[in-house]
Amino acid sequence: MFERMKMGLALGAGGARGLAHIGVLKALERAGIPICCIAGSSIGAMVGAAYAVRGSAAEVENLFADFLETDLYRETGVTTIRDAMVEKPDSLPQRLETWLKKAYLQARIVSRPHLIDSALFRQVIEHFIPNVLIENLPLPFRAVGTDIKSGRPVVFSKGPLRAAVYASAAIPGVISGLSLNDMIIVDGGVLSTVPTRVTRGLGADLVLAVDVDKPLEHDKVEFSSGIDVFFRIEDVQGAYLKSLELRDADLVLHPNVGQLHWSNFERLPELVRLGSDEVEKHLEEIRFLAGRRRWPWLRRGSSAPDGEWVEV
């Protein structure tokens, strides 16, 4: 008489930190906890889409491990960004090299609309995502982007999966956006860091959200210049928007990845483990939610309010 309540996953943005999503999926598989749908922003869309196609977290992990060994990964320049922004060199020659890399990146940012060529990034997407349509996936999936012309979230519900993931992961200033229907669509994390409401709109009775964004720091904040204040305001706005979204989740997982830079993709094994550890820490609560039942006519899943997002 009672039906098991359906649990959906909302996978958040966060660059390399989003590789923890793979660990979350692996742990849920081990525990035998079924997922009815996935919505993702940015790296959450890439991992979620790859999983929706294959249905195996181990396969998705292998895809990323293989990618990190390719020339294609090196051509993206992510390792240059990581070395310039993350590494702390000791010797004078290393410090000089790091300074030159930072200067090179800054020059490219101010002189070009994006750092990574769009054709190159499409090749990256093709490594992970086959040429399939969203509406034909075995597991319901949505990718979330941001239309920078209208200022509204965009939800991809049909059409080529590769295009949807490209748009959702197109970091402003790093990758050029997707032009579609008089829109320019960029990274979903701009407005929807963890797409809980989109997951609910897919028909999920329960939403398990995975937040891999860097937490807002309070103790180590310095404002030595106007640009520091400018970036701090962006961080505050983003944290507030995310807090509103997370209110719609039944449970929020926070893998301990906030200390890692978004470019640290080489930390794949560690990131996967941290995602898995977070599920194990909350496994009893997740099992309780997954075991809940409801009357067949009583559903919590809902559509978005009119105008909340553009669906394509």
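Residues numbered from 1 in each chain as written. Predicted model: local features only at pLDDT ≥ 70, side-chain atom pairs only at ≥ 80, totals over all residues. Heavy atoms only, no water.

## So, the overall build of the protein chain
Rules: Segments assigned H or I by DSSP are reported as helices when at least four residues long, segments assigned E as strands when at least two residues long, and all are numbered from the N terminus. Summary of the burial criterion: residues with accessible area below 20% of their type's maximum are buried, those above 50% are exposed, and those between are partly exposed, where the area comes from a 1.4 Å probe applied to protein chains only. By the convention used here, residues are in contact when the closest approach between their heavy atoms is within 4.5 Å. Computed with a 1.4 Å probe, the accessible areas rest on the Shrake-Rupley method; for each residue, only the protein chains presented here act as cover.
Secondary structure assignment for the protein chain yields 12 helices and 11 strands. Of all 312 residues assigned to the protein chain, the portion counted as buried reaches 49%. For the protein chain, the proportion of contacts with a sequence separation of at least 24, taken over those separated by at least 6, is 78%. Accessible surface for the protein chain amounts to roughly 15,200 Å². Of this, 54% is attributable to carbon and sulfur atoms.

## What about the packing of aromatic side chains?
Condition: Put simply, two rings from Phe, Tyr or Trp (the six-membered ring, in Trp's case) pair if the centres are within 6.5 Å, and we call them stacked under 30 degrees between planes, edge-to-face over 60, tilted for the rest.
If you walk through the whole model with that rule in mind, you get four aromatic pairs. Here Phe121 and Tyr166 contribute two aromatic rings whose centre-to-centre distance is 5.4 Å and whose plane-to-plane angle is 55°, an arrangement assigned as tilted. Within this pair, whereas Phe121 is found in helix H7 (residues 118-128), its partner Tyr166 is found in helix H8 (residues 161-168), the two being separated by 45 residues in sequence. Of the two residues examined, Phe121 and Tyr166, each falls in the buried class. An aromatic cluster of three or more residues is present, and its members are Phe64, Phe67, Tyr73 and Phe128.

## What about H8?
Among the eight residues in H8, six count as buried, and that is most of the element. Buried within H8 are the following residues: Leu161, Ala164, Val165, Tyr166, Ala167 and Ser168.

## A short note on the packing of helix H1 (residues 20-31) against helix H3 (residues 57-67)
Heads up, the rule is: Between N-to-C directions, angles cover 0 to 180 degrees, with each direction set by a line fitted to C-alpha atoms, over the stretch in contact for helices. Orientation labels follow simple angle bins: below 35 degrees gives roughly parallel, above 145 gives roughly antiparallel, 65 to 115 gives roughly perpendicular, and whatever is left gives oblique. Should the near helix be turned anticlockwise from the far one by less than a right angle, the crossing is left-handed, and should it be turned clockwise, the crossing is right-handed. Residues were grouped as follows: Ala, Val, Leu, Ile, Met, Phe, Trp, Tyr, Cys and Pro as nonpolar; Asp, Glu, Lys and Arg as charged; and all remaining residues, including Gly, as polar.
Two elements in contact, H1 and H3, have axes whose closest approach is 9 Å; the angle formed by their N-to-C orientations is 155°. Between H1 and H3, the angle is such that the two are roughly antiparallel. As for how H1 packs across H3, the hand of that crossing is left-handed. On H3, the residues that touch Ile22, Leu25, Lys26 and Glu29 of H1 are Ala57, Ala58, Val60, Glu61 and Phe64. When grouped by side-chain class, the residues that make up the contact of H1 with H3 number six nonpolar, no polar and three charged.

## A short note on the nonpolar core
Note the threshold: Each nonpolar core is a collection of buried residues, namely Ala, Val, Leu, Ile, Met, Phe, Trp, Tyr and Cys, held together in the definition by side-chain atoms within 4.5 Å.
Counting residues in each nonpolar core, the largest one holds 79 residues, and the members touching the most others are Phe64 and Phe156. Of all the elements, helix H2 (residues 43-54) adds the most residues to this core, at eight residues. Among all residues touching Phe156, those that are not within four sequence positions of it are Ile134, Phe141, Arg142, Ala143, Ala164, Ala167, Leu178, Leu180, Ile185 and Val312. Counting eight residues, the second largest nonpolar core, distinct from the first, contains Val194, Ala209, Leu246 and Ala249.

## Some details on the environment of Leu241
Mapped onto the elements, Leu241 comes out in helix H10 (residues 226-246). Taking the C-alpha atoms as reference points, Leu241 and Leu191, 50 residues apart in sequence, are found 7.2 Å from one another. Those residues in contact with Leu241, other than ones at most four positions away along the chain, are Val190 and Leu191.

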